[in-house]
Amino acid sequence: MPAEKNQSIWSVRRREIIAALAVIVLFTIFTAQRRTDGVEFDFGQTQLTIFGPKGASAPVTVDYMSIRSISLRSDLEPGRCEGGLDSPAFRFGAWRNEEFDQYTLCACAELPEYIVLDTAKGFVVFNYQDADATAHLYKAFAELLESKGLEVKAGAG
């Protein structure tokens, strides 16, 4: 009987180890798909450059002088992808919706908060990591534009 009990304990232990490994693998896959560091920003001297995740189109550049307004929005309907990346994790490229018609979207797909730039060349919409990070990025970017002496209308959308 002790041999059967040891075998039973080993069998249970092995199932626990397999279950733990499965959870780790699933968590790793889930977090890899939800990575929000795929959209990166370079706030240069005269322009903002937004780099998309792997598989995205070319980086998006916005000349600071071309920005007419900046707003923080949580009520935006993204619309449909016209060209670029549309994955469960990211949206990057040319998009179309009823509000802006054609515009540029650079965003983490699951976040409902967006920074909207109205520029001389059209609308550029982006977000970053989570709601708090997007709000902080909005505030910092508005302050950067103000520090450069640019008269940009800022406000919640």
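One can find the structure itself at the top, above this paragraph.
I will try to describe carefully the structure that is included in this document. Computed from a prediction, not measured in an experiment: that's the story for all the values here.

1. Here's the deal with the packing of aromatic side chains
Link 1 in the chain: Enumeration over the complete set of coordinates arrives at eight aromatic pairs.
Link 2 in the chain: When the centroid spacing of 6.5 Å and the interplanar angle of 65° are considered together, the rings of F126 and F141 count as edge-to-face. Within this pair, whereas F126 is found in strand β9 (residues 122–126), its partner F141 is found in helix α2 (residues 131–147), the two being separated by 15 residues in sequence. A single burial state applies to F126 and to F141, both of which are buried.
Link 3 in the chain: Clustering of aromatic rings is evident, with ring pairs tying together F41, F43, Y64, F126, Y128 and F141.

2. What to know about the pairing of strand β1 (residues 40–43)
Link 1 in the chain: Sheet analysis places β1 next to strand β2 (residues 47–51), joined by four bridges and oriented antiparallel. The residue bridging E40 from the neighbouring strand is F51, located in β2.
Link 2 in the chain: Between the end of β1 and the start of β2, which pair antiparallel, lie three residues.

Calculation criteria
The residue numbering used here restarts from 1 in each chain and proceeds along that chain's sequence as written. Restriction of local features to residues with pLDDT of at least 70 applies here, the model being predicted, together with a cutoff of 80 or more for giving and counting side-chain atom pairs; totals for whole chains, interfaces and linings are based on all residues. Side-chain metrics in this entry use all non-hydrogen atoms of the structure; hydrogen atoms and water are not considered. Only centres within 6.5 Å qualify two rings of Phe, Tyr or Trp (six-membered ring in Trp) as a pair; their planes then separate them into stacked at under 30 degrees, edge-to-face at over 60, and tilted for everything else. Put simply, DSSP H or I for four residues or longer makes a helix, DSSP E for two residues or longer makes a strand, and each gets a number counted from the N terminus. Only protein chains enter the accessibility calculation, which uses a 1.4 Å probe. A residue is then buried if its area is under 20% of the maximum for its type, exposed if over 50%, and partly exposed in between. Any two strands with at least two DSSP bridges between them are considered paired.

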